[in-house]
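Commentary on secondary and tertiary structure
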2 protein chains.
Amino acid sequence: MERITPSLIRALHARKRPGDIDLGLGEPVLRPDMGLFEAALERVRLHGAPYSPNGGFTELRDAIALHHGFPGRTAAANVCTTVGSEEALFLAIKTTLDPARDEVLIVEPCYLAYPKLCILEGIRHRTAALSPDDGFAPRAAPVLEALGPGTRMVILNSPCNPTARVWPEAELRALAAGLTARPGPPVYVLIDEVYRELYYGPEPPASMAMLYPHTLTVGSLSKSNALTGMRSGWLIADAPVIANAIKVHGLVNTASSTFSQWVAMEAFARPGSLAAHRPLYAERRRALLALAERHGIRLVPPEGAFYAFIRLPPHLAADSMAAAERLLDEHRVVAVPGTAFGPSAEGWLRISWVPEEATLAEGMARMAAFFASA
Amino acid sequence: MERITPSLIRALHARKRPGDIDLGLGEPVLRPDMGLFEAALERVRLHGAPYSPNGGFTELRDAIALHHGFPGRTAAANVCTTVGSEEALFLAIKTTLDPARDEVLIVEPCYLAYPKLCILEGIRHRTAALSPDDGFAPRAAPVLEALGPGTRMVILNSPCNPTARVWPEAELRALAAGLTARPGPPVYVLIDEVYRELYYGPEPPASMAMLYPHTLTVGSLSKSNALTGMRSGWLIADAPVIANAIKVHGLVNTASSTFSQWVAMEAFARPGSLAAHRPLYAERRRALLALAERHGIRLVPPEGAFYAFIRLPPHLAADSMAAAERLLDEHRVVAVPGTAFGPSAEGWLRISWVPEEATLAEGMARMAAFFASA
């Protein structure tokens, strides 16, 4: 318990004062589609609020499998509905690995729950860092080089929180080829696709599950549909992995909320529901890029999600936590220090560009003023 | 994973045919109060569906603490909201015990998740069996006698699934006194009060948390308010235990559903909401006792919950699983074999008396016919 340290993000938020500009958010500010809730309420009127089966309603599990269309993952037996993508990560790590033998390799910078879940389950982990020199572009080579004899799982995130980079298909293919060529038991790839629907290139992000059979895919409606509080997540994998995940899921919380599952079933039943917010994010992203250009702020152009990873100017780059603290205390803007996502991200800040454009503009202006100050 | 065996209850349900009488249910058939849902929906209209804090909304945590009124457990810091009472059990076991050293003592017959959660977390457990000779009346003596040098937690359930017995205050006091007198580190009592609001004596069940400081109390709105599918549970304990529970809860699923918490907040805000279904259960219980008397079926009169534990006649008592299978296959009534709840309950069947009275009457008549057959 003691090795699981409190979140730096939470520590910063505790210092936030009323009126501060919050670019530290990890959830949409858009509103969800009320029609989903009204339809779910109608089901409560008809059926009450009974338990679902442990793994979730078959209709929802089928819809999730169909939406993704992964080869060999087309049935309800390939899906466990979970309490958010967070529980899907937990189940994947807890049920597929042996703490006595297996090691996890985490691609960094990363969402900090990945190493913490390994610590919670007593599973060794190491990291493979992407390079700040090309804006943390996802690459297979450093991951393959970092594999150890005990590595049994690689954890990726695409689109990535915090870097907003997307793994290109060619790099996923190279990773799949490298892992397949490796002797010994197969290495799972646990890919967190919670930002899957929020992409800004011409094509949707490639999915590792299309390319590599030992893939476990995590997703949710939290970000695409502004439903973070509904905890509507899922794990997609081969049927034996899912059977074990459901066993543990049943023991740790019985099942996901029936109401949340009904909301999710409505979302999957409405064509375009999961993509409905993307144009709004794309518009906000254009504003962000224009603001960064205007203020001379160096950032990695977001390929997905709703974050931007910003390079601190040289005089601030040695301590991103100190920079974030000064930005908050002196300029009243919340941003998250890169070190919250691993040591490779020292010298960077993560901002969310989900707030209203006027708020974002004011926050960027203040950040530019801070960067220009001594 | 392999040591966690599939549920006997589920295996029986898989054999159920359409039209069979199901007395195996573990959830209410009453409908929840739609007003709770409509009020929660109004909050979604106003606020969307954002994350709650990891431990739950402070207003709800305060309301849960106030409702229970346990000494020294009066603040939000004493409560973690959980994904049903199941997650509260999981968090209590996972966060307070050391698998290398600690042992759990489970009072049997018991809800089968208790031993399974110990197996899942690699924590040794033993059982202390109550006696069938007095209908599994809860008693401190056999529990105190079964304590071992490594025992660090005792798990009780009051009102009890499957026996429908309630721990009398005098026995809880004797247990508290015995545990307090024991040398060495304190022994936690984890008491599952998920059926707390469903009691049929003149007084509410006594709570161990009123009598013993090292108590962790688990509860939920699932049974009292017919909200099983909402997964609205909680853990109540001292603040350091809750702080650790929230840390793990945050990692395994971030937080409980915001919508479910809003439904729960409405329930706690409406006087009498948690007790509203009790008179309906009390009426059904009277019908059950009359039916048992009419048919000469021997059962333990339920003191709480919505189960009845039925003694099999001598010619069937050697194998409750075989009896349950015959009852289902030959008489088309689902009941749960006692052995599903531990070896001490061999020779017994658990029925739920939540179905409509006519259904219950037909089920009891068929059971009597089965018991009378060779």
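Scoring rules and cut-offs
- Residues numbered from 1 in each chain as written.
- Chains lettered and ligands numbered in written order.
- Predicted model: local features only at pLDDT ≥ 70, side-chain atom pairs only at ≥ 80, totals over all residues.
- Helix = DSSP H or I, 4+ residues; strand = E, 2+ residues; numbered from the N terminus.
- Rg over C-alpha atoms; globule rule 2.2 N^0.38 Å.
- Buried ≥ 20, exposed ≤ 12 C-beta atoms within 10 Å, placed from the backbone.
- Contact = placed C-beta atoms within 7 Å.
- Expected span 1.5 Å × (residues − 1).
- Arc of directions from axis to C-beta.
- pLDDT = per-residue confidence, 0-100.
- Least-squares fit on C-alpha atoms with pLDDT ≥ 70 in both.
- Core = buried A, V, L, I, M, F, W, Y, C linked by C-beta atoms within 7 Å.
- Nonpolar A, V, L, I, M, F, W, Y, C, P; charged D, E, K, R; others polar.
- Pairing = 2+ DSSP bridges.
- Axes fitted to C-alpha atoms, helices over the stretch in contact; angles between N-to-C directions.
- Right-handed = clockwise from strand over helix to strand, strands pointing away.
- Domains from an automatic or database assignment.
- Parallel < 35°, antiparallel > 145°, perpendicular 65-115°, else oblique.
- Left-handed = near helix turned anticlockwise from the far one by under 90°.

Considering the overall build of chain A
Summing up its helical and strand segments, chain A has twelve helices and 13 strands in all. For 374 residues, the compact-globule estimate of 2.2 N^0.38 gives 21 Å, and the C-alpha radius of gyration of chain A, at 20 Å, lies within 12% of that figure. If one aligns the C-alpha atoms of chain A with their principal axes, the spans along those axes are about 60 × 55 × 45 Å. Across the 374 residues that make up chain A, the buried fraction comes to 55%. Residue pairs at least 24 apart in sequence account for 76% of intrachain contacts in chain A once pairs closer than 6 positions are excluded.

Examining helix α10 (residues 278-295) of chain B
Residues and elements named next belong to chain B. In a regular helix each residue adds 1.5 Å, so 18 residues correspond to 26 Å; α10 covers 26 Å between its end C-alpha atoms and thus fits that length. Of all the positions in α10, only Tyr-281, Arg-284, Arg-285, Leu-288, Leu-291 and Ala-292 are classed as buried. The arc enclosing the buried residues of α10, seen along the axis, measures out at 125°, which places them on a common side. Facing away from the buried side of α10, by more than 90 degrees, are the exposed residues Pro-279, Ala-282, Glu-283, Arg-286, Glu-293 and Arg-294. Buried positions along α10 lie against β9 (299-300), β10 (307-311) and α12 (357-372).

Re the confidence of the model for chain A
Confidence in the prediction of chain A, expressed as mean pLDDT, is 96, and 100% of residues score 70 or more. Across the assembled chains, the prediction reports ipTM 0.97 with pTM 0.97.

As for the relation of the copies chain B and chain A
You can overlay chain B on chain A at an RMSD of 0.0 Å; the transform is a turn of 180° with a shift of 0.0 Å along its axis. Such a turn and shift between the copies fits a two-fold axis. No C-alpha of chain B lies nearer the rotation axis than that of Ser257(B), which sits 3.8 Å from it.

Concerning the nonpolar core
Grouped together as the largest cluster of nonpolar side chains are 236 residues, with contacts concentrated most on Leu235(A), Val263(A), Ala308(A), Leu235(B), Val263(B) and Ala308(B). Apart from residues lying up to four places away in sequence, Leu235(B) is in contact with Cys80(B), Thr82(B), Ala88(B), Leu91(B), Ala92(B), Leu216(B), Val218(B), Ile242(B) and Ala245(B).

Describing unusual backbone geometry
Residues and elements named next belong to chain A. Cis geometry is adopted by the peptide bond preceding Pro-109, which originates at Glu-108 and carries an omega value of 5°. The backbone of Phe-136 shows a phi angle near 60°, a positive value even though the residue is not glycine. By the secondary structure assignment, Phe-136 is in the loop between β4 (124-129) and α6 (140-146).

A few points about the interface of chain B and chain A
Facing the 42 residues of chain B at the interface are 42 residues of chain A. When contributions to the side of chain B that touches chain A are tallied by element, the ones reaching two or more residues are α2 (34-47), α4 (84-96), α5 (113-120), α8 (239-253) and α9 (258-269) of chain B. When the residues that make up the side of chain B that touches chain A are grouped by side-chain class, the tally is 22 nonpolar, twelve polar and eight charged.

As for the sheet that holds strand β6 (residues 188-192) of chain A
All names here are of chain A. Here seven strands make up an open sheet; going across it, the order is β2-β8-β7-β6-β5-β3-β4 and the pairing mixed. Two strands lie at the open edges of the sheet, namely β2 (79-83) and β4, each paired on one side alone. In this sheet, adjacent strand axes meet at a mean angle of 20° when their direction is disregarded. Pairing analysis gives four bridges linking β6 to strand β7 (residues 215-220), with the strands arranged parallel. The partner of Leu-190 across the bridge, within β7, is Leu-216.

Details of the sheet that holds strand β12 (residues 336-337) of chain B
Residue and element names in this part refer to chain B. The strand order β9-β10-β13-β12 describes an open sheet built from four strands, whose pairing is antiparallel. Across the chains shown, the open sheet's two edge strands, defined by having one partner strand only, are β9 and β12. Pairing of β10 with strand β13 (residues 348-352), which is carried by five bridges, proceeds in the antiparallel orientation. Following the sheet pairing, Arg-311 is matched in β13 by Trp-348.

Quick notes on the pairing of strand β4 (residues 124-129) of chain B
Residues and elements named next belong to chain B. Across six bridges, the pairing between strand β3 (residues 103-108) and β4 is parallel. For Ile-106, the partnering residue across the bridge sits in β4 and is Thr-127. This β-α-β element, β3 to α5 to β4, shows right-handed connectivity.

Focus on the domain arrangement of chain A
Residues and elements named next belong to chain A. Looking at the assigned domains, one finds that chain A contains domain 1 (8-30 + 277-372) and domain 2 (34-274). Between domain 1 and domain 2, the C-alpha centre-to-centre distance is 26 Å. Each side of the interface is counted separately: domain 1 has 25 residues, and domain 2 has 29 residues. Per-element tally for the side of domain 1 that touches domain 2: the top contributor is helix α10 (residues 278-295), with four residues. Looking at the side of domain 1 that touches domain 2 residue by residue, the class counts come to 14 nonpolar, six polar and five charged.

Comments concerning the environment of Leu280(A)
Considering the arrangement of structural elements, one finds Leu280(A) in helix α10. Judged by C-beta crowding, with 12 C-beta atoms within 10 Å, Leu280(A) ranks as exposed.

Re helix α11 (residues 320-331) of chain A
Residue and element names in this part refer to chain A. Helix length check: α11 (twelve residues) gives 15 Å between terminal C-alpha atoms against 16 Å at 1.5 Å per residue, within 8%. Every buried residue of α11 is listed here: Ser-320, Ala-323, Ala-324, Leu-327 and Leu-328. Seen end-on, α11 carries its buried residues on one side only, within an arc spanning 130°. The outward face of α11, more than 90 degrees from its buried face, is lined by the exposed residues Ala-322, Asp-329 and Glu-330. Considering only its buried residues, α11 is in contact with α1 (8-14), β11 (333-334), β12 (336-337), β13 (348-352) and α12 (357-372). A positive phi of about 60° marks Arg-332, the residue just after α11.

Regarding the environment of Ile106(A)
Residue and element names in this part refer to chain A. Locating Ile-106 in the fold gives a position in strand β3 (residues 103-108). The class for Ile-106 is buried, based on 26 C-beta atoms found within 10 Å. It is 9.5 Å that separates the C-alpha atoms of Ile-106 and Asn-157, two residues lying 51 residues apart in sequence. In this structure, Ile-106 is in contact with Tyr-114, Pro-115, His-125, Thr-127 and Ile-155, ignoring residues within four places of it in sequence.

Overview of the environment of Ala146(A)
Residues and elements named next belong to chain A. Mapped onto the elements, Ala-146 comes out in helix α6. Sequence separation of Ala-146 and Tyr-212 is 66 residues, and the distance between their C-alpha atoms is 19 Å. Among residues more than four places away in sequence, those in contact with Ala-146 are Leu-105, Arg-126 and Ala-128.

With respect to the packing of helix α4 (residues 84-96) of chain A against helix α5 (residues 113-120) of chain A
All names here are of chain A. Running from amino to carboxyl end, α4 crosses α5 at an angle of 45°, the nearest separation of the two axes being 10 Å. Between α4 and α5, the angle falls in the class oblique. At the point where α4 passes α5, the crossing takes the right-handed sense. In this structure, α4 contributes Glu-86, Leu-89, Phe-90 and Ile-93 to the contact, and α5 contributes Ala-113, Leu-117 and Cys-118. Of the residues contributing to the contact of α4 with α5, the split by class is six nonpolar, no polar and one charged.

Overview of the packing of α4(A) against helix α8 (residues 239-253) of chain A
Residues and elements named next belong to chain A. Axis separation between α4 and α8 bottoms out at 9 Å; the angle between their running directions is 110°. The orientation of α4 with respect to α8, classified from their angle, is roughly perpendicular. For the pair formed by α4 and α8, the contact residues are Leu-91, Lys-94, Thr-95 and Thr-96 on the first element and Val-241, Asn-244, Ala-245, Val-248 and His-249 on the second. Looking at the contact of α4 with α8 residue by residue, the class counts come to four nonpolar, four polar and one charged.

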